[in-house]
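# Report on the structure
Residue strings, one per chain:
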Amino acid sequence: APPQLVLMCRTLPQVQSAVELSTTAPRGEGIDRLLADFQDLREYREAVSLARAAGIPLDLATPRIQKPGELGLFRALAKHGADGWLVRNLAALHFAVEQGIPCIADFSLNVTNPLTGAPSGRSGIRTVSRSRRPYSSTEACSAARTVTRR
């Protein structure tokens, strides 16, 4: 597959700028996908609306830590209707899979080898952000093959 430009936005103004940049870029040279990672999850609704109007897929980042009784956060994220989620914990992954929400596995899930990649490959994750732990290209390819087998 050809390389893609995926941009992480931490604020709503960054999403607005990314959408503007992408819509004024020459055809095929814009942003392929946006990831939204906001402190205020209530701003996700507008980010989804902006990206959708521009025809840019947008994934929402889940919180890194999910505490007991916070399942309502995932239900609220699902209501925003984004194209997918950047999942950062196993509870978010489980919820997304149950709801049929496409996922990108964040590096915090620590996929570094076939052993840690195997559960992800069975869960419907479409992409994995590699672990921050340094590892060889052989290990990276092995983990990627494990995740992409379904």
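Quick summary incoming for the structure in this document. Quick caveat, the model's predicted, so the values are computed rather than measured. (Residues numbered from 1 in each chain as written. Predicted model: local features only at pLDDT ≥ 70, side-chain atom pairs only at ≥ 80, totals over all residues. Heavy atoms only, no water.)

This next bit is on the packing of aromatic side chains. As enumerated under the stated definition, the model contains 4 aromatic pairs in all. Geometrically, the ring pair formed by F74 and W85 is tilted, given 6.0 Å between the ring centres and 40° between the ring planes. Of this pair, F74 sits in helix α3 (residues 71-79) while W85 sits in strand β4 (residues 84-87); the two residues are 11 residues apart in sequence, bridging distant segments of the chain. Summarising the burial analysis for this pair, F74 and W85 share the class buried. Pairing W85 with F95 gives two aromatic rings, centres 5.8 Å apart and planes at 5°, and the pair type is stacked. Separated by 10 residues along the polypeptide, W85 in strand β4 and F95 in helix α4 (residues 90-99) bring together distant segments of the chain. Summarising the burial analysis for this pair, W85 and F95 share the class buried. Through a chain of ring-to-ring contacts, three or more aromatic side chains come together here, namely F74, W85 and F95. (Phe/Tyr/Trp six-rings, centres within 6.5 Å; stacked < 30°, edge-to-face > 60°. Helix = DSSP H or I, 4+ residues; strand = E, 2+ residues; numbered from the N terminus. Buried < 20%, exposed > 50% of the residue type's maximum accessible area, 1.4 Å probe, protein only.)

Let us look at the packing of helix α1 (residues 12-24) against helix α2 (residues 44-54). The contact between α1 and α2 brings their axes to 10 Å, and the two run at 0°. Here α2 runs roughly parallel to α1, going by the angle between their axes. Counted together, L12, V15, Q16, V19 and T23 of α1 and E46, A47, L50, A51 and A54 of α2 form the full contact between these two elements. Class assignment for the residues of the contact of α1 with α2 results in 7 nonpolar, 2 polar and 1 charged. (Axes fitted to C-alpha atoms, helices over the stretch in contact; angles between N-to-C directions. Parallel < 35°, antiparallel > 145°, perpendicular 65-115°, else oblique. Contact = heavy atoms within 4.5 Å. Nonpolar A, V, L, I, M, F, W, Y, C, P; charged D, E, K, R; others polar.)

Bringing the pattern of salt bridges into the picture now. This model, assessed by the stated rule, comprises 8 salt bridges. Between D37 and R88 there is a salt bridge; the shortest N-O distance is 3.2 Å. Here D37, found in the loop between β2 (33-36) and α2, pairs with R88, found in the loop between β4 and α4; they are 51 residues apart in sequence, far enough to count as distant. You can call D37 buried: its relative accessible area is 14%. The closest approach of N and O atoms between D83 and R52, which form a salt bridge, is 3.9 Å. You can see D83 sitting in the loop between α3 and β4 and its partner R52 sitting in helix α2, a full 31 residues away along the chain. Assessed through its relative accessible area of 33%, D83 is described here as partly exposed. Since its relative accessible area comes to 46%, R52 is described here as partly exposed. (Salt bridge = Lys/Arg side-chain N within 4 Å of Asp/Glu carboxyl O.)

Time to look at the nonpolar core. Judged by nonpolar contacts, the single largest core of 30 residues is most densely connected at L34, L58, L60 and W85. The set of elements that each furnish at least two residues to this core consists of α1, β2, α2, β3 (58-61), α3, β4, α4 and β5 (103-105). Once you skip the residues sitting within four places of it in the chain, L34 turns out to touch L7, C9, V15, A18, V19, A51, I56, P57, L58 and D59. (Core = buried A, V, L, I, M, F, W, Y, C linked by side-chain atoms within 4.5 Å.)

Now for α1. Between its terminal C-alpha atoms α1 stretches 19 Å, which fits the 18 Å expected from 13 residues at 1.5 Å a residue. Along α1, the positions that sit buried rather than exposed are L12, V15, A18, V19 and S22. Relative to the axis of α1, the buried residues are bounded by an arc of 115° and lie together on one face. Along α1, the residues that are exposed and aim more than 90 degrees away from the buried face are E20, L21 and T24. On the buried face of α1, the contacting elements are β1 (6-9), β2 and α2. (Expected span 1.5 Å × (residues − 1). Arc of directions from axis to C-beta.)

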